[in-house]
Amino acid sequence: MLRIAVPNKGSLSGPAAEMLHEAGYQQRRESKELRIVDPVNDVEFFYLRPRDIAIYVASGQLDIGITGRDLLIDSGADAEEILPLGFARSTFRYATKPGTVADLADLTGKTVATSYEGIVAGHLAEHGIDASVVHLDGAVETAIQLGVAQVIADVVETGTSLRNAGLEVVGEPIMQSEAVVILPRARTHSPGGTPTTGADGEEPKVQQFLRRLQGVLVARTYVMMDYDCRVEQLEKAVALTPGLESPTVSPLHNEGWVAVRAMVPSKEAQRIMDDLYDIGARAILTTAIHACRL
Ligand SMILES: Nc1ncnc2c1ncn2[C@@H]1O[C@H](COP(=O)(O)OP(=O)(O)OP(=O)(O)O)[C@@H](O)[C@H]1O
Ligand SMILES: O=P(O)(O)OC[C@H]1O[C@H](OP(=O)(O)OP(=O)(O)O)[C@H](O)[C@@H]1O
Ligand SMILES: [Mg+2]
């Protein structure tokens, strides 16, 4: 049975459960459940603290985990990102009171408060900056006002928390994060560096899990577009809707017309519909893709 780690709380938890549900997996009914078995899919889900997930996965006790890229890197655990999931997007940045620190070099001799000591210590060392790091569990924006540090390093999404605390960012983002699927490094690479075929027999199930999530990602980012156009306009129309491989073109009963069907990125759907209309396509429809296996 495949054993999968899912965040039990915080920003990652709801969207991760929603994505797994869309991928056809049973999810827990209430937030106190720490483990459930999905017998139909032969999967066991463990609901763990997001920060601990990379450590469990690296230990080899769990086959797959969903966590944040920043948490994976911060943990230093021997696990590897295999698929970005597009939610819980954030940046990780230094911030301080306006006018106190102009750039990265000014961090020398300062104290930086953060919940992500691994990322910060690594980043400071990489840039040869000698600064102290103090670990706080959360709400680090308040650390400056309360005199625990002169600088913070934290997750920034909208910037509201920084603004509310009267802080401004320093330098470029340390990293960009989002939810990711992780595997034990031992599974993604054999000693020779090529993917393993899964000596424990779980590899096909891991691949099936990844295909299901990829299917959800595609269903979320593409729509199906159908339209009719004159044969003379077909090349121009197909250039606008090339599809993932190639569009389906079927003859219509009215001679000289064809029906075209192709997947298009949902964000571009309205522009593509306008462009198709302009070259003479008609009956242009888009429909949501419910599920997909590429
Ligand atoms: N406001 C946010 N917007 C987007 N992603 C966020 C935000 N806050 C945290 N994250 C992401 O969520 C993950 C952190 O998960 P975690 O559950 O520890 O923190 P949290 O969502 O802040 O919840 P908690 O209330 O437990 O601190 C990280 O990958 C982080 O980048
Ligand atoms: O840029 P923003 O949109 O304001 O989002 C960033 C904030 O969200 C998270 O905090 P959370 O509310 O989870 O509290 P925490 O500090 O206790 O983790 C993060 O730690 C930042 O404080
Ligand atoms: Mg938080």
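The name given to the chain in an unreviewed UniProt entry is ATP phosphoribosyltransferase, with the source organism recorded as Streptomyces calvus. Annotation of the chain in UniProt includes, under Pathway (unreviewed entry), the sentence "Amino-acid biosynthesis; L-histidine biosynthesis; L-histidine from 5-phospho-alpha-D-ribose 1-diphosphate: step 1/9." In UniProt, the chain has this text filed under Catalytic activity (unreviewed entry): "1-(5-phospho-beta-D-ribosyl)-ATP + diphosphate = 5-phospho-alpha-D-ribose 1-diphosphate + ATP".

(A) Region of the structure containing the packing of helix α1 (residues 10-22) against helix α7 (residues 203-221). Direction vectors running N to C along α1 and α7 enclose 100°, while the axes themselves pass 9 Å from each other. Considering the angle they form, α1 stands roughly perpendicular to α7. Between α1 and α7, the residues in contact are Glu 18, Met 19, Leu 20 and Glu 22 and Phe 209, Leu 213, Val 216, Leu 217 and Arg 220, respectively. Classifying every residue of the contact of α1 with α7 gives six nonpolar, no polar and three charged.

(B) The arrangement of the environment of Tyr 94 in detail. The topology assignment puts Tyr 94 in strand β6 (residues 90-96). What makes Tyr 94 buried here is its relative accessible area of 0%. C-alpha of Tyr 94 to C-alpha of Asp 42: the two residues are 52 residues apart in sequence and 43 Å apart in space. At 2.9 Å, the side chain of Tyr 94 and the side chain of His 123 are in polar contact.

(C) Structural view of the confidence of the model for the chain. On average, residues of the chain score 95 in pLDDT, and 96% of them reach the 70 mark or higher. Our summary of model confidence lists the complex with pTM equal to 0.91 and ipTM equal to 0.95.

(D) Quick peek at the site of ligand 1. Taken together, 14 residues lie near ligand 1, and Gly 10, Ser 11, Asp 70, Ser 90 and Glu 157 sit nearest. One of the side-chain N or O atoms of Ser 11 is found 2.5 Å from an oxygen atom in ligand 1. At a separation of 2.9 Å, an oxygen atom of ligand 1 approaches a polar side-chain atom of Ser 90. Considered on its own, ligand 1 offers 590 Å² of accessible surface; in the complex 65% of this is hidden by protein. Counting only elements with at least two residues in the shell around ligand 1, the list comes to α1 and α3 (69-75). There are two domains that each give the shell around ligand 1 at least three residues, and those are domain 1 (2-88 + 178-196) and domain 2 (90-176).

(E) Main features of the side chain of Asn 8. As for its position among the elements, Asn 8 is in the loop between β1 (2-7) and α1. Here Arg 49 takes part through its backbone nitrogen, which lies 3.5 Å from a polar atom of the side chain of Asn 8. Apart from residues lying up to four places away in sequence, Asn 8 is in contact with Ser 13, Arg 28, Leu 34, Tyr 47, Leu 48, Arg 49 and Pro 50.

(F) Looking closely at the domain arrangement of the chain. Segmentation of the chain into domains returns domain 1 (2-88 + 178-196), domain 2 (90-176) and domain 3 (222-288). Placing the centre of domain 1 and that of domain 2 at their C-alpha centroids yields a distance of 28 Å. With eight residues of domain 1 at the contact, the number on the domain 2 side is nine residues. Both faces considered, domain 1 and domain 2 share a buried interface measuring about 670 Å² in area, 50% of it formed by carbon and sulfur atoms. Considering only the side of domain 1, the residues that lose the most area to domain 2 are Arg 51, Asp 70 and Asp 74, jointly responsible for 63% of the buried surface there. Taken together, the links from domain 1 to domain 2 amount to zero salt bridges. Taken together, the connections running from domain 1 to domain 2 amount to five residue pairs in polar contact (both at pLDDT 80 or more).

(G) Geometry of the nonpolar core. Phe 45, Leu 85, Tyr 94, Val 181, Phe 209 and Leu 213 are the most contacted members of the largest nonpolar core, which totals 44 residues. A total of six residues in this core trace back to one element, the largest contributor, which is α7. Of the domains in this structure, domain 1 (2-88 + 178-196) and domain 2 (90-176) are the two that each give at least three residues to this core. Judged by nonpolar contacts, the second largest core, of 15 residues, contains Val 260, Ile 272, Leu 276 and Ile 284.

(H) Seen up close, the pattern of salt bridges. Across all of its chains, the model carries 14 salt bridges by this definition. One salt bridge connects Arg 69 with Glu 81, and the closest N-O pair in it is separated by 2.8 Å. Taken together, the residues span a long stretch of sequence, with Arg 69 in helix α3 and Glu 81 in strand β5 (residues 79-84) at a distance of 12 residues. Of the charged contacts, one joins Arg 89 and Glu 178 as a salt bridge, the two residues approaching to 3.6 Å between their closest N and O atoms. You can see Arg 89 sitting in the loop between β5 and β6 and its partner Glu 178 sitting in the loop between β10 (168-177) and β11 (179-184), a full 89 residues away along the chain. It is possible to trace a salt-bridge network through shared partners that takes in Arg 69, Glu 81, Arg 89 and Glu 178.

Rules of the game
- Residues numbered from 1 in each chain as written.
- Chains lettered and ligands numbered in written order.
- Predicted model: local features only at pLDDT ≥ 70, side-chain atom pairs only at ≥ 80, totals over all residues.
- Heavy atoms only, no water.
- UniProt positions renumbered as here; feature names shortened; annotations may be inferred.
- Axes fitted to C-alpha atoms, helices over the stretch in contact; angles between N-to-C directions.
- Helix = DSSP H or I, 4+ residues; strand = E, 2+ residues; numbered from the N terminus.
- Parallel < 35°, antiparallel > 145°, perpendicular 65-115°, else oblique.
- Contact = heavy atoms within 4.5 Å.
- Nonpolar A, V, L, I, M, F, W, Y, C, P; charged D, E, K, R; others polar.
- Buried < 20%, exposed > 50% of the residue type's maximum accessible area, 1.4 Å probe, protein only.
- Polar contact = N/O pair within 3.5 Å; in protein donor to acceptor, adjacent residues only side chain to side chain.
- pLDDT = per-residue confidence, 0-100.
- Near = heavy atom within 4 Å.
- Areas by Shrake-Rupley, 256 points an atom, 1.4 Å probe, with all protein chains shown as cover.
- Domains from an automatic or database assignment.
- Buried area = accessible area lost by both parts, 1.4 Å probe.
- Salt bridge = Lys/Arg side-chain N within 4 Å of Asp/Glu carboxyl O.
- Core = buried A, V, L, I, M, F, W, Y, C linked by side-chain atoms within 4.5 Å.

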